[in-house]
Protein chains: 2
Amino acid sequence: MTESYNFENFSCPLPASHPDAVILGHGSGGSLTSGLIRQVFNKYFHSDALMQGNDAANLALPAGTGRIAVTTDSHIVSPLFFPGGDIGKLAVCGTVNDLLTAGAVPRWLTAGFILEEGFPIERLELVLASMRDSAAEAGVEIVTGDTKVVERGKGDGLFINTSGVGTIPDGFQPGGANAQPGDAVILSGTLGDHGMAVFCARGELGIQADITSDVAPLNAIVDALRSAAPHTHVLRDPTRGGLSTALNEIAEQSNVTIELNEASIPIRSEVASVCEMLGFDPLTVANEGKLIIIVPDAEKEAALNVIRQAPYGAQVALIGRVTTAGKPLVTLRTALGTHRILDRLSGEMLPRIC
Amino acid sequence: MTESYNFENFSCPLPASHPDAVILGHGSGGSLTSGLIRQVFNKYFHSDALMQGNDAANLALPAGTGRIAVTTDSHIVSPLFFPGGDIGKLAVCGTVNDLLTAGAVPRWLTAGFILEEGFPIERLELVLASMRDSAAEAGVEIVTGDTKVVERGKGDGLFINTSGVGTIPDGFQPGGANAQPGDAVILSGTLGDHGMAVFCARGELGIQADITSDVAPLNAIVDALRSAAPHTHVLRDPTRGGLSTALNEIAEQSNVTIELNEASIPIRSEVASVCEMLGFDPLTVANEGKLIIIVPDAEKEAALNVIRQAPYGAQVALIGRVTTAGKPLVTLRTALGTHRILDRLSGEMLPRIC
């Protein structure tokens, strides 16, 4: 990775070269920073706005845009690379999916990097390539960025913040407060894959399992819902805290009771086994490529059909319904026919997973 | 700061209480995270979008908006509190000022927090109060946020990413590539205050100096320029890397030579003294409340007049001009009448200042 240095032409701003690991000067804002951007970041990110080199991207909205969605997420996952993805893919998909939950068309991402002194440039490039590929799949542009460097021991290799902006088409505006009694609760696929893939990748407990993160951009599912289920009430991605936490949030925002049917919740057997072995509840484990979709009963079948045919939607399932208004509660009808209350995740089941 | 705990009503989602320092569970996404948000963050941030509790803010654009500006900055300053400001004020003002440099009206901010386990909640509250106050002064709303927690020793107390969105009115679109020969180069005030205030606050070299950071939101200056100098070519805030680096970037983007007059560059005597003592060049030290304004010569006087009357503009000075096109270069006419080439900052003069 080492570039040849050029100390000859002192009269022009030098395109600073970079060593093969991050040094403090890469965060100075001076020639080492611009060298890192030109020689490393620019190999992967090419949007017009970024190439203009201004401190803010100047972006044209599609004609007639009346509303935008804005979201942010910092990513601190450990390890940085895991089966099915890495921090870069996570940073892009997480923010894209959050925009989708507002009914938005994801368009533009920002990328803020906090690098620890000594982080290998080669690993940074792997992450950037992953961000480039995920952004291409999700149809978003990285339009502005920021790079900071902390001293060795003051970070953990690499943290990435991505913020996102999307445009909201008229007439499709799901929100957490819109769930109504009678609505169907749909889950786009299996639970717990991301959290358990990252956990196993740490290797702390010596558990070897064939589990791959589900991290993925879910644009196609939401695009399909726009026409198939135009009255979709709620979209939410059950990330940190898992399905239980996300549904409890929705139950509170909408002031409704949600009843789930345990037998219909899809969970891969490998994930279920590892969770059982370790005492984790898969309903509170993080997902990074799943959506909760709450729709009027009349649009339930149409929604299930289009999701099943969309990328990342093959395992879609109808998992429950909104029963009554007035009491924010999530209950689970177990395989034995009993009911139990599903609470939010409490405490820190799995830190540093996203 | 300790709240009383309530373990009695298990049938409803508990508003989780928080201890007086950050714990890993605050980043889990579950009830401890929502407790921290409700009991700490919500005391300071109140926008409608934030209160809706969705993963993305759904925002109405002013009618007729055709373009938006988007920017991001992660803030890693050490120490977190310094004369004139703190990481919270910095995080808001830095992003607001970046939006302003695109000619935008700053409107919405995101806030992403990376907390280190053990960080005192009391200090977090001071930072949040500072963000609230700076956002109010700058006329922006914090519309969505994210909180992550890293294990002790994997962070440095608190990192904050702020991303910003502004709307760009028609007809005023400065950009780094627009400087033209004949243009006047204006600086809104004194150089080096922020960088040297933070440096002295570290106390590493035992230097005691009466230097206060200039960190401030510069909306009023840009608002005044919209009417007084509608053909403003370039706006840029000389943050990391200072004036020299920012002007070199502009010289490259516009492919022009910029000539500065050393005697006209305002620098406080305390800042000049400390810089001289330590061998720093104040032209490469970071500022957080200053703007470089490049305008056609015909609008120079009008620009100087309105900036001088605006908040944070009293020390405005005409510091140079754009001389020729075709060669990206920044030169300084010294007090002795000689010329020297001003380069970007190279290496790491002052890490962790913003």
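The written sequence of each chain sets the order in which its residues are numbered from 1. Naming scheme: in the order in which they are written, chains are lettered from A and ligands are numbered from 1. For this predicted model, a pLDDT threshold of at least 70 governs which residues receive local features, and a threshold of 80 or more governs which side-chain atom pairs are given and counted, while totals over whole chains, interfaces and linings are taken from all residues. With hydrogens and water excluded, all non-hydrogen atoms of the structure serve as input to the side-chain values.

A. Main features of the interface of chain B and chain A. Residue-level contacts link 85 residues of chain B with 85 residues of chain A. Once two parts are put together, the accessible area they lose, assessed with a 1.4 Å probe and summed over both, is termed the buried area. The junction of chain B with chain A conceals about 6,800 Å² of combined surface from both sides, 51% of it contributed by carbon and sulfur atoms. With a shortest N-O distance of 3.6 Å, B:Lys154 and A:Asp156 are connected by a salt bridge. Counting of polar contacts relies on pairs of N or O atoms within 3.5 Å, with two restrictions inside protein: one atom must be capable of donating a hydrogen and the other of accepting it, and residues adjacent in sequence are counted only when both atoms are side-chain atoms. Linking chain B with chain A are 43 residue pairs in polar contact (both at pLDDT 80 or more). Should any heavy atoms of two residues lie within 4.5 Å, those residues are considered in contact. One side-chain nitrogen of Lys or Arg within 4 Å of one carboxyl oxygen of Asp or Glu is enough to make a salt bridge.

B. Geometry of helix H1 (residues 31–39) of chain A. Taken across its 9 residues, H1(A) has 7 buried, putting it largely inside the fold. The set of residues buried in H1(A) consists of A:Ser31, A:Leu32, A:Thr33, A:Ser34, A:Gly35, A:Leu36 and A:Gln39. Buried means the residue's accessible area, taken with a 1.4 Å probe over protein chains only, is under 20% of the maximum for its type, while exposed means over 50%, and partly exposed covers the values in between. Elements are defined by DSSP. Helices are runs of H or I of four residues or more, strands are runs of E of two residues or more, and each kind is numbered from the N terminus.

C. The state of the cysteines, seen in detail. Disulfides are defined as cysteine sulfur pairs within 2.5 Å. One pass over the structure, following the stated rule, counts 0 disulfides over all chains. Here B:Cys200 stays unpaired: no disulfide links it, and the sulfur of B:Cys275, its closest cysteine neighbor, is 8.8 Å away.

D. Quick peek at the environment of B:Glu259. Residue and element names in this part refer to chain B. Looking at where Glu259 falls in the secondary structure, it is placed in strand S10 (residues 256–261). Glu259 sits 95 residues away from Cys354 along the chain, and the two C-alpha atoms are 28 Å apart. Setting aside residues no more than four positions away along its own chain, Glu259 makes contact with Ile319, Gly320, Arg321, Thr323, Thr331, Arg333 and His339. Among the polar contacts listed, one links the side chain of Glu259 to the side chain of Arg333, at a separation of 3.5 Å.

E. Seen up close, the packing of helix H6 (residues 219–228) of chain B against helix H9 (residues 300–309) of chain B. All names here are of chain B. It is the contact of H6 with H9, at a shortest axis distance of 9 Å, that shows an interaxial angle of 150 degrees. By the angle between their directions, the pair H6 and H9 is classed as roughly antiparallel. Where H6 crosses over H9, the handedness of that crossing is right-handed. Where H6 approaches H9, its residues Ile221, Ala224, Leu225 and Ala228 are matched on the opposing element by Ala302, Ala303, Val306 and Ile307. Helix axes use the C-alpha atoms of the stretch in contact, all axes being lines fitted to C-alpha atoms, and the angles between their N-to-C directions lie in the range 0 to 180 degrees. Relative orientations are named as follows: roughly parallel for angles under 35 degrees, roughly antiparallel for angles over 145 degrees, roughly perpendicular for angles from 65 to 115 degrees, and oblique for any other angle. Crossings are sorted by hand: turned counterclockwise from the far helix by less than a right angle, the near helix makes the crossing left-handed, and turned clockwise it makes it right-handed.

F. Region of interest: the sheet that holds strand S12 (residues 317–325) of chain A. Residue and element names in this part refer to chain A. Any two strands between which DSSP finds at least two bridges are classified as paired. Here 7 strands make up an open sheet; going across it, the order is S9-S11-S8-S12-S10-S13-S14 and the pairing mixed. The two strands at the open ends of the sheet, each matched to only one other strand, are strand S9 (234–236) and strand S14 (339–341). Across the sheet, the axes of successive neighbouring strands diverge by a mean angle of 25 degrees, strand direction being ignored. As paired strands, strand S8 (residues 184–187) and S12 are joined by 4 bridges and run antiparallel to one another. Bridge pairing in S12 places Leu187 opposite Ala317. Across the face of the sheet, helix H7 (residues 242–254) comes into contact with S8, S9, strand S10 (256–261), strand S11 (292–295), S12 and strand S13 (329–333) while running at roughly 150 degrees to S10.

G. Up close: the domain arrangement of chain A. Residue and element names in this part refer to chain A. Domain boundaries in chain A define domain 1 (24–168) and domain 2 (184–341). Distance from the C-alpha centre of domain 1 to the C-alpha centre of domain 2: 27 Å. Contacts between the two partners involve 22 residues from domain 1, matched on the other side by 22 residues from domain 2. Buried area between domain 1 and domain 2, both sides added, is near 1,700 Å², and the carbon and sulfur share of it is 60%. Taken together, the connections running from domain 1 to domain 2 amount to 0 salt bridges. Contributions of two or more residues to the side of domain 1 that touches domain 2 are made by helix H3 (87–101), strand S5 (105–116) and helix H4 (121–138). Looking at which element gives the most residues to the side of domain 1 that touches domain 2, the answer is H3, with 9 residues. Residues are grouped as follows: nonpolar covers Ala, Val, Leu, Ile, Met, Phe, Trp, Tyr, Cys and Pro; charged covers Asp, Glu, Lys and Arg; every other residue, Gly included, is treated as polar. For the side of domain 1 that touches domain 2, the per-class residue count stands at 12 nonpolar, 7 polar and 3 charged. Domain extents, as shown, originate in an automatic or database domain assignment.

H. Main features of empty space enclosed by the protein. Cavity: a set of points on a 1 Å grid over the protein atoms alone where a 1.4 Å probe fits but cannot get out. Pocket: an open set with protein on both sides within 12 Å along at least five of seven lines, its lining residues, like those of a cavity, having an atom within 4 Å of a point. Grid points are joined across faces, edges and corners, and a volume is the space filled by probe spheres set on the points. As enumerated under the stated definition, the model contains 5 cavities of 30 Å³ or more in all. Taken as a whole, the largest cavity spans an internal volume of roughly 70 Å³. Around the largest cavity, the lining residues are A:Leu24, A:Gly27, A:Ser28, A:Lys148, A:Val149, B:Ile76, B:Arg240, B:Leu350, B:Pro351, B:Arg352, B:Ile353 and B:Cys354. Class assignment of the residues belonging to the lining of the largest cavity gives a composition of 7 nonpolar, 2 polar and 3 charged.

I. Geometry of unusual backbone geometry. Cis geometry marks the peptide bond from A:Ser78 to A:Pro79, where omega comes out at 0 degrees. Residue position: A:Pro79 is located in the loop between strand S2 (67–75) and strand S3 (81–82). Phi is positive for B:Tyr312, which is not a glycine, with a value near 70 degrees. A residue is classified by how much of its surface remains accessible, and B:Tyr312, at 39% relative accessible area, is partly exposed.

J. Local environment of the relation of the copies chain B and chain A. To line up the copies, we fit them by least squares on C-alpha atoms, keeping just the residues with pLDDT of at least 70 in both. Superposing chain B onto chain A requires a rotation of 180 degrees together with a translation of 0.0 Å along the rotation axis, leaving an RMSD of 0.0 Å. Taken together, the rotation and translation relating the two chain copies correspond to the operation of a two-fold axis. It is B:Gly155 whose C-alpha, among those of chain B, lies nearest the rotation axis, at 2.2 Å. Comparing interface residues between copies, 100% of those in chain B also sit at the interface in chain A, which points to an isologous, same-surface contact.

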